[in-house]
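# Architecture and fold: a report
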Amino acid sequence: MSFRDLYEQYCKQGHAYTYGTAGFRAHNSVLDTVMFTTGIVAVLRSIYLKSKFVGVMITASHNPPEDNGVKVVEPYGEMLVQNWEPIATKLANAASSSFTQLESTLQSIIAELNIDTTQLANITVARDSRESGPRLLAALKAGISVFPAVKIIDFELLTTPQLHFLVYSLNTSSQPSQVRDSTYYDHFVSIWNQLTQLYEVTELPFHLTIDCANGIGADKVKQLISQAGHMLENSLTAVNGETKTFQLLNESCGADFVKTNQTFPANCNPKPSQLYCSFDGDADRVVFYYVDGKENKFHLLDGDKIATLLAKLIADLLRDCGLSDTLKLGVVQTAYANGSSTKYITDKLKIPVSCTKTGVKHLHHEAVSRYDIGIYFEANGHGTVIFSREFLETVDSRLQETSGNEQQYKSLLSLKLLSQLINQTVGDAISDMLAVIATLSIFNLKPEDWDGCYQDLPNRLTKVIVPDRSVFVSTNAERQLLSPEGLQAKIDLLVTQFPNSRSFVRASGTEDAVRVYAEAETTESAIELATKVGELVK
Ligand code: NG1
Ligand code: ZN
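Here the structure is a predicted model, which means the values were calculated and not measured.

### Thoughts on the overall build of the protein
Looking only at helices and strands, the protein features 19 helices and 19 strands. Since a compact globule built from 538 residues should have a radius of gyration of about 24 Å, the 23 Å found for the protein is in line with a globular shape. Each of the three principal axes of the protein carries a C-alpha extent, and together these read 65 × 60 × 45 Å. Here the protein holds 538 residues, and the buried ones make up 57% of them. Here the contacts in the protein between residues at least 6 apart in sequence split such that 70% fall between residues at least 24 apart. As displayed, the protein has an accessible area near 22000 Å², and 47% of this comes from carbon and sulfur atoms. On the protein, the mean spot of the 47 positive side-chain charges and the mean spot of the 61 negative ones are 2 Å from each other.

Okay, structure coming up:
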């Protein structure tokens, strides 16, 4: 089919698109056009990068079932580079205007970037379990097919982090043709087995129930558990795995539901001393929780608790092998991190903490540029740990030197295995879950022991719908407003009325709303402060 015929079949006019923090995301009915143009973007990106494999993931993560979205994955598993985001936006809006507009915009981009469109493009695609996925995938493939020399690997259903991992594997493997979805399971199961054998872990110190949000993570985690064998089969149960009943996706379950409502998801029967976790719809986030035996109360173990747990293990291992002063360990958080976690990491663990803007790309950048081992998690459970090349080289060379010293050798090997158990490309619910349960097993911690390392300050996160969120401009890692004029001073004044409190306001990057966060000594004060600040914003 000609370019024009394909355009006419797949594109519609009239919608305005923006490539944001999470790529393009909207109700599925307006996404065909942007799928078509994202196919084009992926091809251009692959050719621009000398035919490297570029990934495209169709998902809307924790959003409702009728939404969908698309994002581009770089060859080494990162998110699309920032200076290509406007290109993706421009092409989508051109297609949303007319075919002539699309054609001329495409020509000018090709000329500007000096791209030879006859060269080979390698594209890897996958989607989550949404009903609109197959239709949108067809539109994406149509956009890809505009070019003469393209090779598409369609992995069909994957979690977002699986696609990131496989794109990385395709570009780094000496035999890319051998890379398939089993590559993911083989890798993580093998590392899990090596790490647990090193510590002679034969059973977990708790039973773990995994709420899969009725999303794609369900099928994938079940596959991993069955491949990992007895220990995980006996200790892990996956619930909310109804991926075929599309309207159940993220409905009263999943990481976002649990974090926002601070309660158990549907189909979960909480028992004391057992551990629970929830994935989101595309399994790139995870939060844990449990119910205590005394008050029968729900306790959330969020991204901050995951970061501190992993920070403690890594700091201990570095100390045990004498590398604390050689390799720089740091934790990266956003303004939404609970104040108690920041205090615990700084004062107790004595590990430096940086604060960045919201959005994984900002955290990732900080982790990579400041630390040899950079731990980053958003409070909502999205994050990972990045180990630098310097780390790998140091650990490998020390492993060769210290074979005589058993304790040092074990610590070094643990660090190396941990760097392989944690998905290096992007936050991954399955891999983060394995890292958490391995750490809890190594320390022999029950959920309440993990939770006891510090106590969260009571907090409230609310959303306010405003006529124009773009007037809310912030600075200082989004903790202070520059505009609307005078608003920050009013917030500061309110904060002084609540002891040990903190509050900030910022425009959401993914929703048409402004978010208000407040922390205080009591839940009542946190709610009152958030409500009062919310009123100032309206
Ligand atoms: P916005 O909508 O910009 O607050 C939300 C989350 C982020 C991140 C992105 C991407 C909060 C407060 N914000 O961003 O942490 O996960 O979505 O999905 O949780
Ligand atoms: Zn997600």
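So that's the structure; there's more coming.
### What to know about the site of ligand 1
Near ligand 1 you find Arg285, Tyr336, Thr358, Glu378, Asn380, Leu461, Arg506, Ser508, Gly509, Thr510 and Arg515, and these make up its full shell. With respect to ligand 1, the side chain of Arg506 contributes an N or O atom lying 2.8 Å from an oxygen atom. In the environment of ligand 1, an oxygen atom lies 2.6 Å from a nitrogen or oxygen atom belonging to the side chain of Arg515. Considering only residue class, the shell around ligand 1 consists of two nonpolar, five polar and four charged. Both of domain 3 (303-451) and domain 4 (459-537) provide at least three residues apiece to the shell around ligand 1.

### A look at the sheet that holds strand β13 (residues 373-377)
Ordered in space as β12-β11-β13-β14, the four strands form an open sheet in which the pairing is mixed. Sheet topology places β12 (353-356) and β14 (383-387) at the edges, where each strand pairs with a single neighbour. Ignoring which end each strand starts from, the neighbouring axes of this sheet average 20 degrees apart.

### Details of the environment of Leu445
Within the fold, Leu445 resides in the loop between α16 (429-443) and α17 (447-451). Distance from Leu445 to Ile373, taken between C-alpha atoms, is 24 Å for residues 72 residues apart in sequence. Other than its neighbours up to four places away in sequence, Leu445 contacts Pro205, Phe206, Leu309, Leu440 and Trp450.

### Focus: the coordination of the zinc ion (ligand 2)
At this site the zinc ion (ligand 2) is bound by Ser61 (OG), Asp280 (OD), Asp282 (OD) and Asp284 (OD), with donor distances of 2.0 to 2.1 Å. Considering all four donor atoms around the zinc ion (ligand 2), angles at the metal cover 84 to 166 degrees and the coordination shape is irregular. One chain supplies every donor to the zinc ion (ligand 2), and in sequence these donors are spaced S-x218-D-x1-D-x1-D. In this pair, Ser61 is assigned in the loop between β2 (53-58) and β3 (67-73) and Asp284 in the loop between β8 (275-279) and β9 (286-291), connecting sequence segments 223 residues apart.

### Re the domain arrangement of the protein
Once the domains are mapped, the protein shows domain 1 (3-177), domain 2 (184-300), domain 3 (303-451) and domain 4 (459-537). Taken together, the contact between domain 2 and domain 3 spans 35 residues of the former and 35 residues of the latter. For the pairing of domain 2 and domain 3, the buried interface totals around 3300 Å² over both sides, and the portion due to carbon and sulfur atoms is 73%. In terms of surface lost to domain 3, no three residues of domain 2 exceed Leu195, Tyr199 and Pro205, which account for 18% of the buried area on that side. The tally of links from domain 2 across to domain 3 stands at zero salt bridges. Counting across the domain 2 and domain 3 interface gives eight residue pairs in polar contact (both at pLDDT 80 or more). Those elements that provide at least two residues to the side of domain 2 that touches domain 3 are α7 (181-198), β6 (208-211), α8 (217-228), β8, β9 and β10 (298-301). Tallying contributions element by element places α7 first for the side of domain 2 that touches domain 3, with eight residues. Its residues assigned to classes, the side of domain 2 that touches domain 3 shows 26 nonpolar, five polar and four charged.

### Focus: the packing of α8 against α16
With their axes 10 Å apart at the nearest point, α8 and α16 run at an angle of 45 degrees to one another. Relative to α16, α8 is oriented oblique. Note that α8 runs across α16; the crossing there is right-handed. Every residue of α16 that contacts α8 at Lys220, Val221 and Leu224 is listed here: Ile430, Met433 and Leu434. Broken down by class, the residue content of the contact of α8 with α16 amounts to five nonpolar, no polar and one charged.

### As for helix α13 (residues 360-370)
What α13 keeps buried is the set Val360, Leu363, His364, Glu366 and Ala367. One side of α13 holds all its buried residues, which, seen down the axis, span an arc of 165 degrees. Next to the buried residues of α13 lie β11 (329-334), β12, β13 and β14.

The rules behind the values
- Residues numbered from 1 in each chain as written.
- Chains lettered and ligands numbered in written order.
- Predicted model: local features only at pLDDT ≥ 70, side-chain atom pairs only at ≥ 80, totals over all residues.
- Heavy atoms only, no water.
- Helix = DSSP H or I, 4+ residues; strand = E, 2+ residues; numbered from the N terminus.
- Rg over C-alpha atoms; globule rule 2.2 N^0.38 Å.
- Buried < 20%, exposed > 50% of the residue type's maximum accessible area, 1.4 Å probe, protein only.
- Contact = heavy atoms within 4.5 Å.
- Areas by Shrake-Rupley, 256 points an atom, 1.4 Å probe, with all protein chains shown as cover.
- Lys, Arg positive; Asp, Glu negative; His and termini not counted.
- Charge placed at Lys NZ, Arg CZ, Asp CG, Glu CD.
- Near = heavy atom within 4 Å.
- Polar contact = N/O pair within 3.5 Å; in protein donor to acceptor, adjacent residues only side chain to side chain.
- Nonpolar A, V, L, I, M, F, W, Y, C, P; charged D, E, K, R; others polar.
- Domains from an automatic or database assignment.
- Pairing = 2+ DSSP bridges.
- Axes fitted to C-alpha atoms, helices over the stretch in contact; angles between N-to-C directions.
- Donors = N, O, S within 2.8 Å, 3.2 Å for Na, K, Ca; no water.
- Tetrahedral: all angles 85-135°; square planar, octahedral: opposite > 155°, others 65-115°.
- Buried area = accessible area lost by both parts, 1.4 Å probe.
- Salt bridge = Lys/Arg side-chain N within 4 Å of Asp/Glu carboxyl O.
- Parallel < 35°, antiparallel > 145°, perpendicular 65-115°, else oblique.
- Left-handed = near helix turned anticlockwise from the far one by under 90°.
- Arc of directions from axis to C-beta.

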